Amino acid sequence: MRRHLRLVSVCVISVFVSGLYVFEQLASSLETDASAGGLSPPHPQHRCKSMSVTHWNPYWRLPRDVCGKNCFMESARRYAVDKTLSEVDRAEPVRLAVVACGPRLEETLTMLKSAVLFSHRTLHFHIFAEDELHAGFRDALESWPGSFRSKFNYTTYPITFPSDNAKEWKKLFKPCASQRLFLPLILTEVDSLLYVDTDILFLHPVEQIWNFLSQFNSTHMAAMAPEHEEPRIAWYNRFARHPYYGKTGVNSGVMLMNMTRIRAKRFKNDMTTVHLRWADLLMPLLQKYKLNITWGDQDLLNIIFHYNPESLFVFPCHWNYRPDHCIYGSNCAAAEHHGVYVLHGNRGVYHDDKQPAFRAIYEAIQKYPFGEDAVSFLLKPLEEKLKTTMHTYCGRSSHLFTKKLQESIRKLQNDNHNAR
Ligand SMILES: *[C@@H]1O[C@H](CO)[C@@H](O)[C@H](O)[C@H]1NC(C)=O
Ligand SMILES: *[C@@H]1O[C@H](CO)[C@@H](O)[C@H](O)[C@H]1NC(C)=O
Ligand SMILES: *[C@@H]1O[C@H](CO)[C@@H](O)[C@H](O)[C@H]1NC(C)=O
Ligand SMILES: *[C@@H]1O[C@H](CO)[C@@H](O)[C@H](O)[C@H]1NC(C)=O
């Protein structure tokens, strides 16, 4: 009987392998046909890497330069990156850090609310804020209903800088955004952290982005999305007066960090021939570039990863979706395929009327009463509101905003239902 089974499994495996072989042959013959048809665009390698492959556009339907012969295996792997990220140690909470100053209390609470609403993991919030905001955070977070309150712990911290240069750091960019550069040096006991700006909204469970940590190779220590998808309207490649990462730079509004590695690494740089630790790198970098940087600490991060590109894991734009991705027409291909996972309302779009689709999402989450039916009290009113934004390019892309949100809301509803 045993032998029988073994024989059967050997057969099954060899049939599968030969199937693969036939498949690949077929694929390459199709590709040859396609190229004979005169398709020969310029940068094969680049296009192959940049186009995502899904079951809607399987690799064998793509032109040869987009997916070469080896792309079958490669695309399967790439798809897996998006679909089935392996999990980071569940015993540890997902750690989320934010820095809030000035009038950002309500916006920050809305970001935290979106994290708590849709997450299925325990969370820990590390909230860095000006002293006068601490009570506001405590009061609001403690008032959330038990079923949500039990999903997270939080710690509040004052804004602190290395004392000798505190003034210089504080005036860089917005009042206290450069705080994030010091997180690895302040939270010395914390291994990994997801830093987000206050104007982030999670439309998809936050643990999914956290799981990118398990995709890091041995040299990765941080992950961010590109600053731009479209070089013709991008900022860094047209205006920056300093080095930056890759073709269009990276955006630091959503930044995943393995801080153990950041603290241990010695960074290459253009100031000394010796490699510098994080703690020793930041001030000389600021001194050298302070007259040339525009976007504060994000520019410093771009300079650092320009010289240390092997340390950065770049995730696609639907994990940090900004008005830039739709303002002149949709240019984030990953969001077209998967929907928006993390929305980033930079340039104040949650609070003015320039991008009403972004504002609609913000207000829908902000106003949603915890525990109420999320379809009637969040999704439905939001969809109505989005219909009134069709006169803007971003409004016309707003089905991408709600694609993941719908899923997240359905799951939330099931959870609420099961909890009753
Ligand atoms: C919050 O912290 C307490 C005490 O350390 C711990 O028992 C609890 O499990 C934590 N809750 C969450 C959601 O992490
Ligand atoms: C700052 O910008 C100026 C003008 O583009 C350039 O000449 C200079 O080299 C830059 N400084 C640094 C440190 O890159
Ligand atoms: C971060 O990196 C350290 C050192 O390589 C490693 O031990 C740790 O498991 C990593 N953390 C995560 C969450 O992957
Ligand atoms: C890790 O991946 C980056 C690209 O994201 C690459 O530059 C680097 O060489 C890789 N490191 C190793 C050890 O393979």
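Residue positions are given per chain, counted from 1 along the sequence in the order it is written. The naming scheme follows written order: chains are lettered A onward, ligands numbered 1 onward. pLDDT decides what is reported in this predicted model: residues at 70 or higher carry local features, side-chain atom pairs at 80 or more are listed and counted, and totals for whole chains, interfaces and linings draw on all residues regardless.

1. Overview of the site of ligand 4
Working step 1: The rule is simple: place the C-beta atom from the backbone, and if it lies within 6 Å of a molecule or strand, the residue is near it. Close contacts around ligand 4 come from N217, S218, T219, H220, P309, E310 and F313, and that covers them all.
Working step 2: Residue classes in the shell around ligand 4 are distributed as two nonpolar, four polar and one charged. Under the convention adopted here, Pro, Cys and the residues Ala, Val, Leu, Ile, Met, Phe, Trp and Tyr are nonpolar, Asp, Glu, Lys and Arg are charged, and Gly plus all remaining residues are polar.

2. Focus: the packing of helix α15 (residues 356-367) against helix α16 (residues 374-387)
Working step 1: Direction vectors running N to C along α15 and α16 enclose 160 degrees, while the axes themselves pass 10 Å from each other. The orientation of α15 with respect to α16, classified from their angle, is roughly antiparallel. Handedness of the crossing formed by α15 with α16: right-handed. Residue-level inspection shows A357, A360, I361 and A364 of α15 in contact with α16, the latter providing L378, P381, L382, K385 and L386.
Working step 2: Taken together, the residues that form the contact of α15 with α16 break down as eight nonpolar, no polar and one charged. Comment: axis = line fitted to C-alpha atoms, over the contacting stretch for helices; angle = value between 0 and 180 degrees taken between N-to-C directions. Each helix is a run of DSSP H or I of at least 4 residues and each strand a run of E of at least 2, with the numbering of both proceeding from the N terminus. Angles below 35 degrees are treated as roughly parallel, those above 145 as roughly antiparallel, those between 65 and 115 as roughly perpendicular, and all remaining angles as oblique. If you view the pair so one helix is near and one far, a crossing is left-handed when the near helix is turned anticlockwise from the far one by less than a right angle, and right-handed when it is turned clockwise. Remark: residues whose backbone-derived C-beta atoms lie within 7 Å of one another are considered to be in contact.

3. Let's talk about the packing of helix α4 (residues 105-118) against α15
Working step 1: Closest axis-to-axis distance for the α4/α15 pair is 9 Å, and the angle between their directions is 75 degrees. Classified by the angle between their axes, α4 and α15 sit roughly perpendicular to one another. Here T110, K113 and S114 of α4 come into contact with α15, specifically with Y362, I365 and Q366.
Working step 2: Grouping the constituent residues of the contact of α4 with α15 by class yields two nonpolar, three polar and one charged.

4. A few points about the sheet that holds strand β7 (residues 250-258)
Working step 1: Spatially, β3-β2-β1-β4-β7-β6-β10 is the arrangement adopted by the seven strands of the open sheet, whose pairing is mixed. Each edge of the open sheet carries a strand with a single partner, namely β3 (152-157) and β10 (312-314). The average angle at which neighbouring strand axes cross in this sheet is 25 degrees, direction not considered.
Working step 2: Two strands make a pair as long as DSSP finds a minimum of two bridges between them. For strand β1 (residues 94-100) and strand β2 (residues 123-129), the ladder comprises seven bridges, and the chain directions are parallel. For A100, the partnering residue across the bridge sits in β2 and is A129.
Working step 3: Against the sheet, α4 makes contact with β1, β2, β3 and β4 (192-196), and its axis sits at roughly 170 degrees relative to β1, the strand it touches most.
Working step 4: Running at roughly 65 degrees to β7, helix α13 (residues 297-307) makes contact with β7 and β10 of the sheet.

5. Considering the nonpolar core
Working step 1: The biggest cluster of nonpolar side chains holds 99 residues, and the ones touching the most others in it are L96, L194, V342 and I361.
Working step 2: If you tally residues by element for this core, the top one is α15, at seven residues.
Working step 3: In this entry, domain limits derive from an automatic or database-based domain assignment. Both of domain 1 (87-315) and domain 2 (323-419) provide at least three residues apiece to this core.
Working step 4: Residue contacts for L194: discarding those within four places in its chain leaves V94, R95, L96, A97, I209, W210 and L256. As used here, a nonpolar core is made of buried Ala, Val, Leu, Ile, Met, Phe, Trp, Tyr and Cys residues. They are joined through C-beta atoms within 7 Å. Counting other C-beta atoms within 10 Å of its own, a residue is labelled buried from 20 upward, exposed at 12 or fewer, and partly exposed in the gap between, with every C-beta atom placed from the backbone.

6. Structural notes on helix α12 (residues 278-289)
Working step 1: Expected helix span is computed as 1.5 Å times (number of residues minus one). Spanning 12 residues, α12 covers 16 Å between terminal C-alpha atoms, matching the ideal 16 Å at 1.5 Å per step.
Working step 2: Of all the residues in α12, the buried ones are W278, L281, L282, L285 and L286. The arc enclosing the buried residues of α12, seen along the axis, measures out at 120 degrees, which places them on a common side.
Working step 3: Those residues of α12 that are buried are in contact with α7 (166-171), α8 (183-186), α11 (259-264), β8 (266-267), β9 (276-277) and α13. As used here, the arc is the angular range of directions from the helix axis to the C-beta atoms.

These values are about where atoms sit, not about what they do.
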